[in-house]
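Here's the letter readout for the chains.
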2 protein chains.
Amino acid sequence: MKVVKFGGSSLADGGQFTKVASIIRAEKERRLVVVSAPGKRFPEDIKTTDLLIELAETVAAGGEAKEPLRKVVDRFAAIVEELGLDKELLDTIHGRLQHLIETYKENTPRLFDSLKASGENENARLMAAYLEKLGEEAHFVPPEEAGIVVTDEPGDARVLPEAYDRLKKLRERSGILVIPGFFGVSKTGHIVTFPRGGSDITGSIVAAGVEASLYENFTDVDSVYSVNPSLVENPNEMKELTYREMRELAYAGFSVFHDEALQPVVAKKVPVSIKNTNRPEADGTLIVAEREQKGLPVIGIAADKGFLTINLTKYLMNREVGFGQHLLQILAEEGISFEHTPSGIDNMSIILREEYLENGKEEKILHRIRTELQVEEVHVERELAMVMVVGEGMASTVGVAAKATTALAEAGINIKMINQGSSEVSMMFGVNASQADAAVKSLYKACFETAGAR
Amino acid sequence: MKVVKFGGSSLADGGQFTKVASIIRAEKERRLVVVSAPGKRFPEDIKTTDLLIELAETVAAGGEAKEPLRKVVDRFAAIVEELGLDKELLDTIHGRLQHLIETYKENTPRLFDSLKASGENENARLMAAYLEKLGEEAHFVPPEEAGIVVTDEPGDARVLPEAYDRLKKLRERSGILVIPGFFGVSKTGHIVTFPRGGSDITGSIVAAGVEASLYENFTDVDSVYSVNPSLVENPNEMKELTYREMRELAYAGFSVFHDEALQPVVAKKVPVSIKNTNRPEADGTLIVAEREQKGLPVIGIAADKGFLTINLTKYLMNREVGFGQHLLQILAEEGISFEHTPSGIDNMSIILREEYLENGKEEKILHRIRTELQVEEVHVERELAMVMVVGEGMASTVGVAAKATTALAEAGINIKMINQGSSEVSMMFGVNASQADAAVKSLYKACFETAGAR
């Protein structure tokens, strides 16, 4: 039993629906289908989800809903038209959206969550209807029926453990089950959406719940590349990588598969296949628990900007039992999660995302550090980028650090920070944000293009 | 006004006393003299401090003190004889030791502290007497009179802030003041010794207290070398280095000048000169607050063994506000100070000295980590050595990391950990303890011997 998830661009119009249907029908094992809302049909197009947000904003501001509502329905109307589906479907879409607006117009968070979720919800209905039209036994299964129970945090839902037991029962149902992605249902019956990467999360939860043999994630690329393809021409395609490698790359900015979406499948060791709806015959990229070590020790290189460091100095800091704890306690009390804490003997740095020190937090944190820890010096350094070199083979390969640091030196990049050691699967370099792209390019060249690298 | 400190080998016998006296008398500014106990005269010799410990152990065990006491007095007798000092000095030494034994025989910690301190105490008296014999105005000034007030922790005294104000008054006294190193006096009037490197600490405290223009530390080497001279032939001599550089090297095993001894002079920015009693004309090594950047970015390389890492893994650890704080809190509650905490995304390592996990601490700590932090995995990795590459110029020099990691790779050394970023003055590599010496040698070669390095 396989779970197949299709992204927004894979379901943008009737033509894409046709491709998706033939992918689903090509394998009997593709029994659980998770769909996104219709995405862009052409570069300047607007995603359905964004149209729904516009609708929600209009309603929340007390404006006239008619025109933004029409735009949303039009998107579905085009699909219904192209696929020759029953036009009555459109009336029910319009009616359900109207009903949501009426129900939640005074409750902005609920209004946003339920309208945003409508993109996936209605698209799943259309997909089920289309599959039925093609002669398949297909059922639309909303999250409530599927058992995707989540926490009641609008826009930031997290799946509850009992969801998995309930999802497992889907194994017993017949036909193709079409489930809308992006949202779950709270214990009180409300629609609550997931954070960024939401439909991937749904697919992953469903795959873990039904203990699928494979979670196929169809998008619009042939495979995941080893480096951002806007930086390097013809970059290496990753045929196979481990969950850990994907997780590290996702953390450092690879947007193909969001890191939070991995967690459910990691726990159940369900392999994930990233494939192209438009070229399903391409191999794609397989994400697995373990892979055979062959070829390059490095599998991918990524960079993420927007970090800063708080640097502290205090003589004999390393002898002071409880110093680090007190420092991290200040951060925890201020609700700030940090990334890393490299330390010297008399100094320590806290690396965190720049946004965490906004809105007066910086002054407050620095004041507490100065007064409570009695440090000799504390200052903030901004515009840091984290560049990650990722690969399971690195821990057992002598010389990866040498190759990487030499490449950076030759590109004239000053390494502000190196973090290697805790994770066996990555090496991290802190560089000035303005040099991040150059760093990625030089590292890619050294690890993938230099003679003997492959 | 200069403070001059002489180590044990510089005061081992009458001949050495003569050298020391002429060094003191060569400069009018050398007004404050701090002395150690008589050290080894030849490799198989026993240091006076060790003879005193033997005496203390005998007394503590209820044994016969006569023979070990004689051995101690004999060491001073030889000096008195060689310098032609008044023989009555020996009776008073014998009498004072007898008195200490009587006073403290039931109080082992005090017995040890006061007997150990006697080596410096009596040697300072002899030095004052000898300088007087040579026609100088010289005064023996015990720590009580000098104002070296310390905490009452036998064997681990720490100077109290008020000591500095009291020491400042020594500026007003005439003549050469000879102060015994290694101990202070508690507020209740007890002798309490400093930890390792004790006489250096006294010298540093006195230099800071009197705000000396220079703290001259006379030992038995011409200068401090850039690397352990037992590993490299004709190693580079450091002419000048900063407090920070010295501190990092001392931390990583350079025993020339103990790191705790630096703190007082750092606070008052008193320069420290390391010189050779046997060759006072040699330049020596000057330790200063700031130095001009010229020549090599790296000034020294050191390694220290005996570390371990506790490695933890937990999925999405970096999103968990308070995780690091809770981990460090466990360590603080168990009284364990750690060295570094490199972290990946889903993992964190704690590096600490192996001795901290002895006597059942390991089981306790791991149990707490497992149960309180609910990590997926935790394990301890032993036999780690920390190799430090130190130099103020490193932060501003592109390519030091590349040079260092390449050297290690070429020597076939697997880098388990790299820590660079918090301190601008050092880079640290974690390697297997068995490869530590090879790592130091290869790094030295790359940083100091390679063409173009100088």
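Reading guide: rules and limits
Residues numbered from 1 in each chain as written. Chains lettered and ligands numbered in written order. Predicted model: local features only at pLDDT ≥ 70, side-chain atom pairs only at ≥ 80, totals over all residues. Heavy atoms only, no water. Pairing = 2+ DSSP bridges. Helix = DSSP H or I, 4+ residues; strand = E, 2+ residues; numbered from the N terminus. Axes fitted to C-alpha atoms, helices over the stretch in contact; angles between N-to-C directions. Contact = heavy atoms within 4.5 Å. Phe/Tyr/Trp six-rings, centres within 6.5 Å; stacked < 30°, edge-to-face > 60°. Buried < 20%, exposed > 50% of the residue type's maximum accessible area, 1.4 Å probe, protein only. Lys NZ or Arg CZ within 6 Å of the ring centre and 35° of its normal. Domains from an automatic or database assignment. Buried area = accessible area lost by both parts, 1.4 Å probe. Salt bridge = Lys/Arg side-chain N within 4 Å of Asp/Glu carboxyl O. Nonpolar A, V, L, I, M, F, W, Y, C, P; charged D, E, K, R; others polar. Least-squares fit on C-alpha atoms with pLDDT ≥ 70 in both. Polar contact = N/O pair within 3.5 Å; in protein donor to acceptor, adjacent residues only side chain to side chain. Core = buried A, V, L, I, M, F, W, Y, C linked by side-chain atoms within 4.5 Å. Parallel < 35°, antiparallel > 145°, perpendicular 65-115°, else oblique. Left-handed = near helix turned anticlockwise from the far one by under 90°.

*Asks:* For the sheet that holds strand β1 (residues 2-6) of chain A, give the residues involved together with the corresponding values.
*Replies:* All names here are of chain A. The strand order β3-β5-β2-β1-β8-β12-β13-β11 describes an open sheet built from eight strands, whose pairing is mixed. If you trace the sheet from one side to the other, it starts and ends with β3 (138-140) and β11 (240-242), each paired once. Across the sheet, the mean angle separating the axes of adjacent strands is 20° when strand polarity is ignored. Relative to strand β5 (residues 176-180), β3 runs parallel, the two sharing three bridges. Its bridge partner lying in β5, Phe 140 is registered against Val 178. The strands that helix α1 (residues 14-26) touches are β1, β2 (30-35), β5 and β8 (214-219); relative to β2, the one it contacts most, it runs at about 150°. Along the sheet, helix α5 (residues 108-133) contacts β2, β3 and β5; its crossing angle with β5, the most-contacted strand, is approximately 160°.

*Asks:* Can you explain the sheet that holds strand β6 (residues 183-186) of chain A? Please cite residues and give values.
*Replies:* Residues and elements named next belong to chain A. Taking strand neighbours across the sheet as the criterion, the three strands line up as β4-β6-β7 in an open arrangement whose pairing is mixed. A strand with exactly one partner marks an edge of an open sheet, and here the two such strands are β4 (149-150) and β7 (191-193). Bridge count for β4 against β6 is two bridges, and the pairing is parallel. Among the inter-strand pairings, Val 150 is bridged to a residue of β6, identified as Ser 186. Across the face of the sheet, α5 comes into contact with β6 and β7 while running at roughly 80° to β7.

*Asks:* Could you give me a rundown of the packing of aromatic side chains, with the residues and numbers involved?
*Replies:* All names here are of chain B. Under the defined criterion, the tally for this structure stands at five aromatic pairs over all chains. A centroid spacing of 5.1 Å and a plane angle of 25° characterise the contact between Phe 6 and Phe 218, whose relative ring orientation is stacked. Note that Phe 6 is positioned in strand β1 (residues 2-6) and Phe 218 in strand β8 (residues 214-219), a separation of 212 residues in sequence. Residue classification places Phe 6 among the buried positions, given a relative accessible area of 0%. Residue Phe 218 is classed as buried on the basis of its relative accessible area, which comes to 0%. Measuring from centroid to centroid gives 6.5 Å for Phe 17 and Tyr 130, while their planes differ by 65°, and the two rings are edge-to-face. With Phe 17 in helix α1 (residues 14-26) and Tyr 130 in helix α5 (residues 108-133), this residue pair connects regions lying 113 residues apart in the sequence. The lysine or arginine in question, Arg 353, covers the ring of Tyr 251, its NZ or CZ lying 5.8 Å from the ring centre.

*Asks:* Account for the domain arrangement of chain A, with residues named and values stated.
*Replies:* All names here are of chain A. Split into domains, chain A comes out as domain 1 (2-288) and domain 2 (300-449). Taking only C-alpha atoms, the centre of domain 1 and the centre of domain 2 are 35 Å apart. Summed over both partners, the interface of domain 1 with domain 2 comes to about 1,600 Å²; 62% of that surface belongs to carbon and sulfur atoms. Of all residues in domain 1, the largest losses of buried area upon contact with domain 2 belong to Leu 231, Glu 248 and Tyr 251, amounting jointly to 37% of the total for that side. Here Glu 392 makes a salt bridge to Arg 244, at a shortest N to O gap of 2.9 Å. It is helix α9 (residues 243-251) that provides the largest number of residues to the side of domain 1 that touches domain 2, a total of five residues. Of the residues belonging to the side of domain 1 that touches domain 2, the class tally is eight nonpolar, five polar and three charged.

*Asks:* Describe the relation of the copies chain B and chain A, naming the residues involved and giving the relevant values.
*Replies:* Of the two same-sequence chains, chain B is brought onto chain A (RMSD 0.1 Å, axial shift 0.0 Å) by a rotation of 180°. These values place the two chain copies in the arrangement generated by a two-fold rotation axis.

*Asks:* I'd love a proper account of the side chain of Lys 2 of chain B, names of residues and values included.
*Replies:* Residues and elements named next belong to chain B. Relative to the assigned elements, Lys 2 resides in strand β1. Classification of Lys 2 by relative accessible area gives buried; the value is 15%. Only 2.5 Å separates the side chain of Lys 2 from the side chain of Glu 27, close enough to count as a polar contact.

*Asks:* Tell me about the nonpolar core, residues and numbers included.
*Replies:* Among the nonpolar cores identified, the biggest contains 58 residues, and Ile 301, Phe 429 and Leu 443 of chain A together with Ile 301, Phe 429 and Leu 443 of chain B are the most heavily contacted of them. Counting only elements with at least two residues in this core, the list comes to β16 (377-390), α13 (400-410), β18 (426-432) and α14 (436-449) of chain A together with β16 (377-390), α13 (400-410), β18 (426-432) and α14 (436-449) of chain B. When neighbours within four sequence positions are excluded, Ile 301 of chain B is seen to be in contact with Ser 226, Val 227, Leu 249, Phe 254, Met 388, Val 389, Val 440, Leu 443, Tyr 444, Cys 447 and Phe 448 of chain B.

*Asks:* Just give me the short version of the pattern of salt bridges, but keep the residues and values in it.
*Replies:* Residue and element names in this part refer to chain A. Tallied over the full model, the rule gives 72 salt bridges over all chains. With a closest N to O distance of 3.3 Å, Glu 27 and Arg 30 form a salt bridge. The partner of Arg 353 in a salt bridge is Glu 339, with the nearest N and O atoms 3.9 Å apart. In this pair, Arg 353 sits in strand β15 (residues 347-353) while Glu 339 sits in the loop between α11 (323-333) and β15, placing the two residues 14 residues apart along the sequence.

*Asks:* Outline the pairing of β18 of chain A, supporting the account with residue identities and numerical values.
*Replies:* Residue and element names in this part refer to chain A. The element β18 is largely enclosed, with a buried count of six among its seven residues. Here β16 pairs with β18 via seven bridges, running antiparallel. In the strand pairing of β18, Met 388 is matched with Met 428. Pairing of strand β17 (residues 417-420) with β18 involves three bridges; the strand directions are antiparallel.

*Asks:* Could you give an account of the pairing of β5 of chain A, naming the residues involved and the relevant values?
*Replies:* Residues and elements named next belong to chain A. Where burial is concerned, most of β5 is hidden: five out of the five residues are buried. Judged from the four bridges that link them, β2 and β5 form a sheet pairing that is parallel. The residue of β5 that forms the bridge with Leu 32 is Leu 177.

*Asks:* Account for the packing of α11 of chain A against helix α12 (residues 361-373) of chain A, with residues named and values stated.
*Replies:* All names here are of chain A. At a minimum axis distance of 11 Å, the contact between α11 and α12 shows a crossing angle of 150°. As far as their axial angle goes, α12 and α11 are roughly antiparallel. In the crossing of α11 with α12, the sense of the turn from one axis to the other is right-handed. In this structure, α11 contributes Phe 323, His 326, Leu 327, Ile 330, Leu 331 and Glu 333 to the contact, and α12 contributes Ile 365, Arg 368, Ile 369, Glu 372 and Leu 373. Looking at the contact of α11 with α12, its residues break down into seven nonpolar, one polar and three charged.

*Asks:* Give me the lowdown on the interface of chain B and chain A, citing residues and values where you can.
*Replies:* Contacts between chain B and chain A engage 57 residues on the former and 57 residues on the latter. Summing the contributions of chain B and of chain A, the shared interface buries around 4,800 Å²; its carbon and sulfur component is 53%. Counting every contact that joins chain B to chain A gives two salt bridges. In this structure, Asp 346 of chain A engages Arg 247 of chain B in a salt bridge whose closest nitrogen and oxygen atoms are separated by 2.6 Å. Counting across the interface, chain B meets chain A through 17 residue pairs in polar contact (both at pLDDT 80 or more). Broken down by secondary-structure element, the contributors of at least two residues to the side of chain B that touches chain A are α9 (243-251), α10 (259-268), α11 (323-333), β15 (347-353), α13 and β17 (417-420) of chain B.

*Asks:* Give me the environment of Glu 81 of chain A: which residues, what numbers.
*Replies:* Residue and element names in this part refer to chain A. If you trace the backbone, Glu 81 turns up in helix α3 (residues 66-83). Given the relative accessible area of 52%, Glu 81 is considered exposed. Here the alpha-carbon distance between Glu 81 and Gly 14, two residues 67 residues apart in the chain, equals 8.0 Å.

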